[in-house]
Amino acid sequence: MTITYCMCSNCPLARDCLRHEDDAAHHSLTRTYADFSEELIRHGDGTVTCPFFLDATTRDKPA
């Protein structure tokens, strides 16, 4: 299985996104790295959304 991660250091969603990884020491052969900065959708009210966003704060929390 291949999991895609963002390496975009200037993404405003990086702190809360499960796809963001900034530690190069964790690279492995099962990962594909991508920069989705061109996919960011900036709204007129200043908010930003991304079609690849995975919420790191709710993902895989124990019940």
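Shown above is the structure to which this text applies.
Cut-off values and rules
- Residues numbered from 1 in each chain as written.
- Predicted model: local features only at pLDDT ≥ 70, side-chain atom pairs only at ≥ 80, totals over all residues.
- Heavy atoms only, no water.
- Helix = DSSP H or I, 4+ residues; strand = E, 2+ residues; numbered from the N terminus.
- Buried < 20%, exposed > 50% of the residue type's maximum accessible area, 1.4 Å probe, protein only.
- Contact = heavy atoms within 4.5 Å.
- Salt bridge = Lys/Arg side-chain N within 4 Å of Asp/Glu carboxyl O.
- Core = buried A, V, L, I, M, F, W, Y, C linked by side-chain atoms within 4.5 Å.

Trainee: What is the right way to read the overall build of the protein chain from this model?
Mentor: Per the secondary structure count, the protein chain includes zero helices and four strands. Ordering the α and β elements of the protein chain from the N terminus gives β-β-β-β. Within the span of the protein chain, comprising 63 residues, buried residues form 21% of the whole. Restricting to contacts in the protein chain with at least 6 residues of sequence separation, those with at least 24 account for 58%.

Trainee: Teacher, can you tell me more about the environment of Asp35 here?
Mentor: The residue Asp35 is located in the loop between strand S2 (31–34) and strand S3 (41–42) in this model. As a C-alpha pair, Asp35 and Tyr5 span 30 residues in sequence and 8.1 Å in three-dimensional space.

Trainee: Please explain the pattern of salt bridges as it appears in this structure.
Mentor: Pairing between side chains of opposite charge can happen when their charged atoms approach one another. All chains considered together, the criterion is met by one salt bridge. Across the pair Asp16 and Arg15 runs a salt bridge whose closest N-O atoms are separated by 3.4 Å.

Trainee: In this structure, what is going on with the nonpolar core? I would like to understand it.
Mentor: For soluble globular proteins, the rule of thumb is that nonpolar side chains tend to be buried together. If you look at the biggest cluster of nonpolar residues, it comprises seven residues: Cys8, Cys11, Leu13, Ala14, Leu40, Val48 and Cys50. Residues within four places of Val48 in sequence aside, it is in contact with Pro12, Leu13, Leu40, Ile41, Arg42 and His43.

Trainee: Mind showing me how you'd approach the environment of Glu21 here?
Mentor: With respect to the helices and strands, the residue Glu21 is situated in the loop between strand S1 (3–6) and S2. Given a relative accessible area of 10%, Glu21 falls into the buried group. Residues Glu21 and Tyr33, 12 residues apart in the sequence, show an inter-C-alpha distance of 9.0 Å.

Trainee: Looking at this structure, I do not really get the side chain of Arg19. What am I missing?
Mentor: Along the chain, Arg19 falls in the loop between S1 and S2. Judged by its relative accessible area of 19%, Arg19 falls in the buried class. Arg19 has contacts with Thr4, Tyr5, Cys6, Phe52 and Leu54, leaving out every residue within four places of it along the chain.

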